[in-house]
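# Reading the structure
One letter stands for each residue in the lines below.
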2 protein chains.
Amino acid sequence: MSSVKEVAKRANVSVATVSRVLNNDPVVKQSTKEKVLEVIKEMNYKPNLLAKNLRKQASKTIVMVLPAMSNPYFAEIARGAQAAAYDFGYHIIIGTMESKRWILDTYVNLLKTNLAEGMIFVSSSADRELLQTLVGDYPIVLCTENYPGIGATCVSIDNKQAGYEATRELLRRGHRSIAYIAGNRQSSSVLGRIEGYKEALIEAGIEYNPELVAGSKNNFENVTEAMNGILGKGFGIDGVITHSDLQASYILKGIKENLIPLEASIGLISFDGTFIAEITNPSITTIVQPLYDLGYTSVHQLVLKLQNDLAEAPQGVVILPHELVIRET
Amino acid sequence: MSSVKEVAKRANVSVATVSRVLNNDPVVKQSTKEKVLEVIKEMNYKPNLLAKNLRKQASKTIVMVLPAMSNPYFAEIARGAQAAAYDFGYHIIIGTMESKRWILDTYVNLLKTNLAEGMIFVSSSADRELLQTLVGDYPIVLCTENYPGIGATCVSIDNKQAGYEATRELLRRGHRSIAYIAGNRQSSSVLGRIEGYKEALIEAGIEYNPELVAGSKNNFENVTEAMNGILGKGFGIDGVITHSDLQASYILKGIKENLIPLEASIGLISFDGTFIAEITNPSITTIVQPLYDLGYTSVHQLVLKLQNDLAEAPQGVVILPHELVIRET
DNA sequence: ACTCAAAATGTAATCGATTACGAAATGATG
DNA sequence: CATCATTTCGTAATCGATTACATTTTGAGT
């Protein structure tokens, strides 16, 4: 219930002075500043940010949209994002889509109703069309995807290179017929990795066979289905690359439960580098992405945009390093 | 930039009428309502919620604080919470503590500065003292913990019963010397489960030995240390119960890597029922908690409190059912 | 056509902070 | 002590919506 007005009265100053103290405006005399601060403490006064936000036309809030939280991959990105938001003095609302496209609108409305100042889309949470309509009006950052020229800052790893390295590793071990379980959507990360996969194969003198590539969601049934779809074509698969740790763990599970006719000793490399790859048996060789940093950097880039309210902010691409970590598969 | 004032001008009505249309107040004549709606669509007008929130003294926002997001356990609770927030028309800010006590204050400040209307603490994210100071001033819900008489609604499973059932299952299989890797803090859920463990032992004529119980965080090093601490006492452990799936997965990992001197065939039961228990090899027998529902119900309870602004809202305890799911361990 | 209650709309205050602008206090200087 | 530049502070407008209250319009009834 307490307000600047009451603080002002109790401190025998005007509301303006109280406000100045709150925003430590250097023009207020030291003695009155102390007096006001004392009253503030006495009354246990906290400014009403609803009022402040209205007057300043800024909520100091940003939004990050993730496809889902159940995948530790996204959880780790979210962790980095939260840390950055805190560091830069912003509130962050982290929302998940859970495969329901229309939920996106509720988050976009946070921008349109002035509750949020900027937005980060992680992975393929937003399609190109939506992005196009937003990019002109609001500061937008894409995390883990890279759509050049779309007018949003993109923060990701070099997916093509990563796909190349994963494939090279399997080739180095002598695998020749490598299946690729890709992501569910035709996002830039999915396509980029496949590009790298293709390049490594060709470089090794192996023909790229699209029949060995199948998209899949992050659930057991889907992965099993996709894998068996490829196996059913009879190309004698001896290696597998998956778009995520989770998919790889489901492949191992499928093998163990005799739902996927492969040996557990097959060459298997996944992307992400979450703890999942460490707790499976066998543990999984992965391309480790700097997930925390991806989240952190995305927020940082967004904050930069918000602060240079001019379109001065870098609209470009930020590429973070990845790393191939060899484990048991 | 558009505001009610501009809409009013374009529609030849007053701001009051526009506002009434926005809140579909039935007193406005159908024809003017349509006219206003048309102008709104034309101008692509969206109300500024910063202004609305200030005037209404309500942000329609709640906060949920989790210890961390990296554990799928919490991610699933968060998922349920988000769904409920959406269903009941609230915004939700989900924050994690990441073991840093002081971060809590930033979330509590959302309440104190009117940015949020109520708060949910999951697991042991808030200590009793903090809760005491908040419960009088704000609507609070505790999720997965149960502190009777604290003035907050508590939503959880029956931890004592669950601990009892887990222990009974191992006893049924003939295990007699059962170690208990508990949670890190002395929270009600941790203590409740140990109560059940104790009760089942006594019922089976086995003396409760506190030396077989050790707390541990959710990381590999800590779990290994705790487990080996117990094993070092030479009680011939033949069964283990852990507070979380993650801990259990780390025990399996420790065994596999020969860091924990136990057989993989040991009796092992954990709590939670996340997908982790399904992707390990062997898969883990767990007490499955209704995580999504715990999150959903917590938000629902909070919303009830917010709507009955009287202290009419049920201050009690909501107990959700758990289930023992037998897998390979 | 007149009355008057009901229906529809408008005027202006309000939420609680920030801030442009102007006024007052201060104090150094001649 | 008068002057005037600096400091310091206060008044009132403002952000954009909601809403109490006042006012006008409408239309049924006579």
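Refer to the preceding data block for the structure.
The text that follows walks through the structure, step by step, so that each part is easy to find. (Residues numbered from 1 in each chain as written. Chains lettered and ligands numbered in written order. Predicted model: local features only at pLDDT ≥ 70, side-chain atom pairs only at ≥ 80, totals over all residues. Heavy atoms only, no water.)

## Focus: the relation of the copies chain B and chain A
In the superposition of chain B on chain A (RMSD 0.0 Å, axial shift 0.0 Å), the rotation amounts to 180°. In the structure described here, the two chain copies are related by an operation that fits a two-fold rotation axis. A high fraction, 100%, of the interface residues of chain B reappear at the interface in chain A, so the copies pair face to face through one surface. (Least-squares fit on C-alpha atoms with pLDDT ≥ 70 in both. Contact = heavy atoms within 4.5 Å.)

## Regarding the packing of aromatic side chains
When we look at a pair of aromatic rings, we describe it by the centre distance and by the angle of the planes. Scanning the entire structure with this criterion turns up 14 aromatic pairs over all chains. Here Tyr-197 of chain A and Tyr-208 of chain A contribute two aromatic rings whose centre-to-centre distance is 6.0 Å and whose plane-to-plane angle is 80°, an arrangement assigned as edge-to-face. With Tyr-197 of chain A in helix 9 (residues 188–203) and Tyr-208 of chain A in the loop between helix 9 and strand 7 (213–215), this residue pair connects regions lying 11 residues apart in the sequence. A relative accessible area of 0% places Tyr-197 of chain A in the buried class. Overall, the relative accessible area of 22% leaves Tyr-208 of chain A in the partly exposed class. Clustering of aromatic rings is evident, with ring pairs tying together Phe-88, Tyr-292 and Tyr-296 of chain A. Lying over the aromatic face of Tyr-208 of chain A, Lys-198 of chain A brings its terminal NZ or CZ to 4.6 Å of the ring centre. Just above the ring of Phe-220 of chain B sits the side chain of Lys-253 of chain B; from NZ or CZ to the centre is 4.4 Å. (Phe/Tyr/Trp six-rings, centres within 6.5 Å; stacked < 30°, edge-to-face > 60°. Helix = DSSP H or I, 4+ residues; strand = E, 2+ residues; numbered from the N terminus. Buried < 20%, exposed > 50% of the residue type's maximum accessible area, 1.4 Å probe, protein only. Lys NZ or Arg CZ within 6 Å of the ring centre and 35° of its normal.)

## Topic: the interface of chain B and chain A
Each partner contributes residues to the interface: chain B has 48 residues there, and chain A has 48 residues. The junction of chain B with chain A conceals about 4,200 Å² of combined surface from both sides, 62% of it contributed by carbon and sulfur atoms. Looking at the side of chain B facing chain A, the largest losses of area belong to Leu-50, Lys-256 and Ile-279 of chain B, adding up to 16% of the total buried there. Summed over the shared surface of chain B and chain A, the number is 4 salt bridges. Residue Lys-253 of chain B is joined to Glu-278 of chain A by a salt bridge in which the shortest nitrogen-to-oxygen separation is 3.4 Å. (Buried area = accessible area lost by both parts, 1.4 Å probe. Salt bridge = Lys/Arg side-chain N within 4 Å of Asp/Glu carboxyl O.)

## Focus: the environment of Lys-9 of chain B
Residue and element names in this part refer to chain B. With respect to the secondary-structure elements, Lys-9 resides in helix 1 (residues 4–11). The exposure class assigned to Lys-9 is exposed, which follows from its relative accessible area of 67%. With 30 residues separating them in the primary sequence, Lys-9 and Val-39 have C-alpha atoms 9.8 Å apart.

## Thoughts on the protein's contact with DNA strand D
Close to DNA strand D lie 27 residues; Arg-20 and Thr-32 of chain A together with Val-4, Ser-19 and Arg-55 of chain B are nearest. Taking the atoms of DNA strand D that fall within 4 Å of the protein, sugar and phosphate contribute 61% of them. Taking Lys-29 of chain A, its main chain carries an N or O atom lying 2.8 Å from a phosphate oxygen of DNA strand D. Between DNA strand D and Arg-55 of chain A, the relevant distance is 2.7 Å, taken from a base oxygen to a side-chain nitrogen or oxygen of the residue. Looking at the surface near DNA strand D, the elements that each hand over two or more residues are helix 2 (15–22) and helix 4 (49–56) of chain A together with helix 2 (15–22) and helix 4 (49–56) of chain B. (Near = heavy atom within 4 Å. Polar contact = N/O pair within 3.5 Å; in protein donor to acceptor, adjacent residues only side chain to side chain.)

## Some remarks on the protein's contact with DNA strand C
As a structural note, the neighbourhood of DNA strand C is formed by 27 residues, with Val-4, Ser-19 and Arg-55 of chain A together with Arg-20 and Thr-32 of chain B the closest of them. Restricting attention to atoms of DNA strand C within 4 Å of the protein, one finds that 59% of them are sugar or phosphate atoms. Thr-17 of chain B is positioned with one of its side-chain polar atoms (N or O) 2.8 Å from a phosphate oxygen of DNA strand C. Contact between DNA strand C and Arg-20 of chain B: a base oxygen at 2.4 Å from a side-chain N or O atom of the residue. Among the secondary structure elements, those contributing two or more residues to the surface near DNA strand C are helix 2 and helix 4 of chain A together with helix 2 and helix 4 of chain B. Split by residue class, the surface near DNA strand C holds 11 nonpolar, 9 polar and 7 charged. (Nonpolar A, V, L, I, M, F, W, Y, C, P; charged D, E, K, R; others polar.)

## What to know about the pairing of strand 5 (residues 153–157) of chain A
All names here are of chain A. Within strand 5, 5 of the 5 residues are buried, leaving the element largely enclosed by the surrounding structure. The alternating pattern of strand 5 places Thr-153, Val-155 and Ile-157 on one face and Cys-154 and Ser-156 on the opposite face, and all of these are buried. Pairing of strand 4 (residues 140–143) with strand 5, which is carried by 3 bridges, proceeds in the parallel orientation. Each bridged residue has a counterpart across the sheet, and for Leu-142 the counterpart in strand 5 is Cys-154. Sheet topology note: the strand 5/strand 11 (residues 317–320) ladder contains 4 bridges and is parallel. Bridging across to strand 11, Cys-154 finds its partner in Val-317. (Pairing = 2+ DSSP bridges.)

## Details of the packing of helix 2 of chain A against helix 3 (residues 30–43) of chain A
Residue and element names in this part refer to chain A. Helix 3 packs onto helix 2 with a crossing angle of 85° between their chain directions and a minimal axis gap of 10 Å. By the angle between their directions, the pair helix 2 and helix 3 is classed as roughly perpendicular. In contact with Val-18, Val-21 and Leu-22 of helix 2, helix 3 contributes Lys-33, Val-36, Leu-37 and Ile-40. Broken down by class, the residue content of the contact of helix 2 with helix 3 amounts to 6 nonpolar, no polar and 1 charged. (Axes fitted to C-alpha atoms, helices over the stretch in contact; angles between N-to-C directions. Parallel < 35°, antiparallel > 145°, perpendicular 65-115°, else oblique.)

## A word on the pattern of salt bridges
On inspection of all chains with the given rule, the structure shows 22 salt bridges over all chains. Glu-211 of chain A is the partner of Lys-233 of chain A in a salt bridge, and the nearest nitrogen-oxygen pair spans 3.3 Å. Within this pair, whereas Lys-233 of chain A is found in the loop between helix 10 (220–231) and strand 8 (239–242), its partner Glu-211 of chain A is found in the loop between helix 9 and strand 7, the two being separated by 22 residues in sequence. Across the pair Glu-328 of chain A and Lys-256 of chain B runs a salt bridge whose closest N-O atoms are separated by 3.2 Å. Note that Glu-328 of chain A is positioned in the segment after strand 12 (323–325) and Lys-256 of chain B in helix 11 (residues 245–256), a pairing that runs across two chains. Beyond isolated ion pairs, a larger network of salt bridges with shared partners links Arg-101, Asp-105 and Asp-127 of chain A.

## Side note on the sheet that holds strand 8 of chain A
Residues and elements named next belong to chain A. Read from one edge of the open sheet, 6 strands run 7-6-8-9-10-12, paired in mixed fashion. Unpaired on one side and paired on the other, strand 7 and strand 12 mark the two borders of the sheet. In this sheet, neighbouring strand axes are inclined to one another by 20° on average, regardless of whether the strands run parallel or antiparallel. Where strand 10 (residues 285–288) meets strand 12, 3 bridges bridge the pair, whose relative direction is antiparallel. Across the sheet, the residue bridging to Val-288 is Glu-323, located in strand 12. Helix 8 (residues 159–172) rests against strand 6 (178–182), strand 8, strand 9 (267–272), strand 10 and strand 12 of the sheet, and its axis sits at about 165° to strand 9.

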